[in-house]
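# Reading the structure
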Number of protein chains: 2
Amino acid sequence: GDAAAGKKRATACQTCHGMDGLSKLPEAPNLAGQVEPYLVKQLTDYRDGKRQNEIMNVVAKELTDADIANLAAYYSGIQIDVLPPG
Amino acid sequence: GDAAAGKKRATACQTCHGMDGLSKLPEAPNLAGQVEPYLVKQLTDYRDGKRQNEIMNVVAKELTDADIANLAAYYSGIQIDVLPPG
């Protein structure tokens with residue numbers, strides 16, 4: 001996927017997931033640094049109705065395979081540091 | 001949820017998701033710092049068969065509501081820092 005193209009497409013995602021991939025809503029997951037093939041599968045499943053969510057099924061319906069690859073490249077490419085749990 | 005109890009239960013999750021919430025497999029998402037109510041909903045949906053995944057549907061079947069709350073508290077409580085995307 002092309003992360004720069006994904007960044008442009010991510011303007012449609014930012015209300016819930018942020019441009020930085022940090023969730024704005026209790027129902028929405030963080031996407032920052034998320035595993036790329038996982039993101040591709042979830043977006044594809046939302047588009048194809050295999051994973052159910054009222055908002056995501058509508059939003060993902062518009063996405064091409066290239067859009068999905070690009071969005072996954074963008075969000076997975078955001079670097080995260082994890083602090084060791086206590 | 002009780003994060004300390006969740007940490008003990010998370011030994012069942014670590015092969016795929018890590019004790020630090022960083023995925024070990026391309027199919028498994030990171031859980032570190034993930035939104036707590038999102039985690040509760042996904043685990044509940046996996047347990048109840050509303051979200052489909054071969055592994056998670058089996059693993060989650062064993063979980064009580066308290067287990068789910070505790071696991072969500074543990075993984076959501078892991079601190080993450082996000083580096084601003086380019």
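All values reported here derive from a predicted model rather than from experimental measurement. (Residues numbered from 1 in each chain as written. Chains lettered and ligands numbered in written order. Predicted model: local features only at pLDDT ≥ 70, side-chain atom pairs only at ≥ 80, totals over all residues. Heavy atoms only, no water.)

### Examining the packing of helix H3 (residues 36-48) of chain A against helix H5 (residues 65-76) of chain A
Between two packed helices, both the angle of their axes relative to each other and the distance between the axes serve to describe the pair. All names here are of chain A. Here is the rule: Angular values range over 0 to 180 degrees, each being the angle between N-to-C directions of two axes fitted as lines to C-alpha atoms, with helices fitted over their stretch in contact. Runs of H or I in DSSP of at least four residues are treated as helices and runs of E of at least two as strands, each being numbered from the N terminus. Oblique is the label for any angle not covered by the other classes, which are roughly parallel (under 35 degrees), roughly antiparallel (over 145) and roughly perpendicular (65 to 115). Definitions for this section: a left-handed crossing has its near helix turned counterclockwise from the far helix by less than a right angle. A right-handed crossing has that turn clockwise. It only takes one pair of heavy atoms within 4.5 Å for two residues to be counted as in contact.
Axis separation between H3 and H5 bottoms out at 9 Å; the angle between their running directions is 140°. The pairing of H3 with H5 is recorded here as oblique in orientation. You can see that H3 and H5 cross each other, and the crossing is right-handed. Side by side, H3 and H5 meet where Glu36, Leu39, Val40, Leu43, Thr44 and Arg47 of the first sit next to Asp65, Ile68, Ala69, Leu71, Ala72, Ala73, Tyr75 and Ser76 of the second.

### As for a nonpolar patch on the surface
Going by this rule: By definition, no residue in a patch forms a salt bridge, and every one has over 30% relative accessible area; like charges are joined within 9 Å, nonpolar side chains (Val, Leu, Ile, Met, Phe, Trp, Tyr) within 5 Å. Throughout, the Shrake-Rupley method with a 1.4 Å probe supplies accessible areas, and for residues the shown protein chains are the sole cover considered. For this analysis, a salt bridge means a side-chain nitrogen from Lys or Arg found within 4 Å of a carboxyl oxygen belonging to Asp or Glu.
Judged by side-chain polarity, Ile55, Val58 and Val59 of chain A come together as a nonpolar surface patch covering roughly 260 Å² of accessible area. Structurally, Val59 of chain A is set in helix H4 (residues 54-60).

### Things to note about the relation of the copies chain B and chain A
Worth spelling out the cut-off: Each copy is superposed on the other by least squares, with the fit set by C-alpha atoms of residues at a pLDDT of at least 70 in both.
Once turned by 180° and shifted 0.0 Å along the axis, chain B lies on chain A with an RMSD of 0.0 Å. What we have between these two chains is a two-fold relation. Judged by C-alpha distance, Asp81 of chain B is the residue of chain B that lies nearest the rotation axis, at 2.5 Å. Comparing interface residues between copies, 100% of those in chain B also lie at the interface in chain A; the contact surface is shared.

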